[in-house]
Amino acid sequence: MVACGMQYFPPNKIWLVVLSTPLFSSSLYAAASEPVASLAPIVVQAEDEEDATENSKKYKKSKSFQATKMNIALKETPQTVTVVTQQRMQDQGLATVADVMQQVAGVSIGYNDSERPNYNVRGFAVDNIQIDGIASSYSGVSGSVIAMPVFDTAIYDHIEVLKGVNGLNTGLGEPSASINMVHKKPIQELNAQLGASYDTFDGRRFTGDISGGLLADDKLNARLIVATSDGGTGKHYYEKNTTTISGSLTSKLTDQTQLTLGIDYQDDDPHGLGGGVPIFYSDGSQTSFSSEDNFGSMNWVRWQRELQNSYVYLDHNFNDRWKAKLSFSRQDLDAFAKTSYAYNGNLNKDGTGLSYSHWASEGDLNQNTYDLTVNGLFDLFNREHQVVFGFNGWDREANEYGLTYPTYSAGNTINDIEHFYGNASPDFKPERTGVDKTTDTKMFGTFINTRWNIADQFKIFTGGRISDWETKTHNFNQGQLISTTSKQKQSSIFVPYVAATYNIFPTSTIYASYTEIFKPQSSLDANDNFLDPVTGSNTELGLKNSFFDDHLDVNAAVFYAQKDNVAEQIAGTGLNGIEARYRAVKGAKTKGFEVEELGQLTDAWTLTFGYAYNDTEDAKGKKINIANPKQTAKFNTNYQFSGDLSGLRVGGSLNWYGSSYDYINMGTRAQPNLIKAEQEDYVVASLYGAYDLNEKTRVSLNINNLFDEQYYTRIIANYKTGYMGDGRSAVVALNYKF
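Computed from a predicted model, the values in this text were never measured in an experiment. (Residues numbered from 1 in each chain as written. Predicted model: local features only at pLDDT ≥ 70, side-chain atom pairs only at ≥ 80, totals over all residues. Heavy atoms only, no water.)

Q: So what exactly am I meant to see when it comes to the side chain of Asn 221 here?
A: Secondary-structure assignment places Asn 221 in strand S13 (residues 220-232). Among the polar contacts listed, one links the side chain of Asn 221 to the side chain of Asp 218, at a separation of 2.9 Å. Here Asn 221 is in contact with Pro 186, Ile 187, Gln 188, Gly 212, Gly 213, Leu 214, Leu 215, Ser 248, Leu 249 and Thr 250, once residues within four sequence places are set aside. (Helix = DSSP H or I, 4+ residues; strand = E, 2+ residues; numbered from the N terminus. Polar contact = N/O pair within 3.5 Å; in protein donor to acceptor, adjacent residues only side chain to side chain. Contact = heavy atoms within 4.5 Å.)

Q: What is the right way to look at the sheet that holds strand S4 (residues 107-111) in this model?
A: In a beta sheet, neighbouring strands pair by backbone hydrogen bonds and run either parallel or antiparallel. Pairing within the open sheet is antiparallel, and its 3 strands lie in the order S4-S5-S6. Whereas interior strands pair on both sides, the edge strands pair on one side only; in this sheet they are S4 and strand S6 (124-125). Where strand S5 (residues 117-121) lies against S6, 2 bridges are found, and the strand directions are antiparallel. Counted as the bridge partner of Asn 120 is Ala 125 from S6. (Pairing = 2+ DSSP bridges.)

Q: What's the story with the nonpolar core in this structure? I'm lost.
A: Generally speaking, soluble globular proteins have nonpolar side chains that are buried together. Core analysis: the largest hydrophobic core is formed by 69 residues, its most contacted members being Met 101, Tyr 119, Phe 151, Ile 179, Met 181, Ile 417 and Ile 664. The element best represented in this core is strand S19 (residues 322-345), accounting for 6 residues. When residues no more than four places from it in sequence are discounted, the contact partners of Tyr 119 are Val 97, Ala 98, Met 101, Ser 108, Ile 109, Phe 124, Ala 125, Val 126, Met 148 and Ile 179. (Core = buried A, V, L, I, M, F, W, Y, C linked by side-chain atoms within 4.5 Å. Buried < 20%, exposed > 50% of the residue type's maximum accessible area, 1.4 Å probe, protein only.)

Q: Even after reading the chapter, I still don't get the side chain of Ser 357, so can you show me in this structure?
A: Looking at the secondary structure, you find Ser 357 in strand S20 (residues 354-380). Apart from the residues lying within four places of it in its own chain, the contact partners of Ser 357 are Thr 339, Ser 340, Tyr 341, Asn 344 and Tyr 408.

Q: Whenever I open this one, the pattern of salt bridges confuses me. Can you help?
A: Close approach of charged atoms allows side chains with opposite charge to pair. One pass over the structure, following the stated rule, counts 31 salt bridges. Glu 540 serves as the salt-bridge partner of Arg 122, at 3.1 Å between the closest nitrogen and oxygen. Here Glu 540 lies in strand S26 (residues 534-547) and Arg 122 lies in the loop between S5 and S6, a separation of 418 residues in the sequence. Pair check on accessibility: Arg 122 and Glu 540 agree, each one buried. (Salt bridge = Lys/Arg side-chain N within 4 Å of Asp/Glu carboxyl O.)

Shown next, in the form of structure tokens:
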């Protein structure tokens, strides 16, 4: 049985028969003596150079493992997958994963503060982060000092975004999206490059990347990548300071076996913190602050994070039909924060009315993750089919240490909000209180997915995952165990995966997919207990088209998700030192559609466009997730000149966000005065250009937010603030290849 009132879902006997059939049929066929006369083949693609996008100079990648754990064409994948390639990251200067997500169709980003971006897709937050297809320790961790960091993209070849549920791979997931960051890989040929950039916010970035063979014939290849970012951000009293180092080795042990070893290190030590600004004055009129305004960020404010990812992959090809991959990763995150906030009270037009508070937190997190995936072909009924199966899981320990910090007092008054930064709020030195907690979480699951080759044009996917998941929190005082709370345990949770694709034309495929949702929550209710897991289902229907010899993809999808036990923050919590608490919203559902175009119209002209709409309601028909836009549209194009201007590449982008709103209580709990805060729809335009001075040297210029649009990326009702998007900036960069 399952705890927390969760219903037990035993695997249906029919499902077990369907899932096990390919394993039995494969072995039976191997034992058969009669050869099959004619087979319609499915090709198992190897993990070779085509999996990398660097040096391709393209915005499009043709294949992905992420949705099905099979390396099949995106046109044959029965879910929406967007890939941001190395070329696009270089052209648009996308230095962080947050920058990348800002360019993905259907994604909006809101910030609690500069160190905690919230990616929102299809009406829900993204909490599934993967590295090389392996679940990361940051998945499902939010709202604390050990929340998901802002990853540097220097070490990644491309970023994949799978829309909807990724339950087959991880067993857990919101019907929003999962982000998969794929490493750059060592290669035999010696390659080295250096890069430097400077922006008008006084921000500086330096990168170095060297790769080559230490032994011949791919016996041992190595790669080292270093990146640093520091300096201004466009917000007062907030400067970034990030160092990223990645080293990796690949060794061809035999003709069939390859070993990969790697370690990533990222150190974030920003000076100050980007925060929101008040939306209303006390009389209900709207403020007019700019993107530079950043009240409450002091010289001494810190949010330090040090993270490390160590990984080992072993790939083995048994033959040209069967292969396996064994993966292990260890992730460690150490974090410390001490901050000052200016959100208490209501702002008067003379700059008075608010008071400030302090907060400090310290924690660390470590996770061991493992994955064994076997992928191959088998023959049945004179046709060739594909199957993938295996198991994966992780063990995570998250520690949070109690710290002292000045308690909130009504005497912490602010006399002039426009001068409340720098040293206006007193510094303090946090000390450990000895009141700590450790949360242990474990997940283990087995999975299988079969792609049945019913006809040359028609494929059916049947698969599923059975997972066990448990968590518990140990509470300590001065090193002594006081209690064990927040226990949850889910056993034998079955998540089905069913899909079909049909090629109506050689260039066009229609598809349908269905999966159920099981998503444990880290949110606590008013009694400090975990909310019951999110449950529900997700359905997607779509059409994928590929034109110009597979150089341009044009896709459309409609989706519907039914959910229960959705976390909604209780009003009045998360403010004035009160920790955030949540209630479960019953019967939430979201529906919408997306259209995306991505690829090349010609060898020289690249185009991407995406439009997305979603609508999310609770069981009573009340709109939820209203602080994020329901509609987004994103357009990007670039052109590579030839002839006398052959070294010139120019482009631009337009990102449109529909309106969003929330209600801010300018009164008290006893006498509320709700005012609607609305961010009207807006457009952020950008331009970029690059010129190859010679075969080794490139200079580039990016102009971000060309028209200096002033807007809120997110309305934060509990704080009565909005987080302003970045203002206009220009970035000049120089890249040299040895």
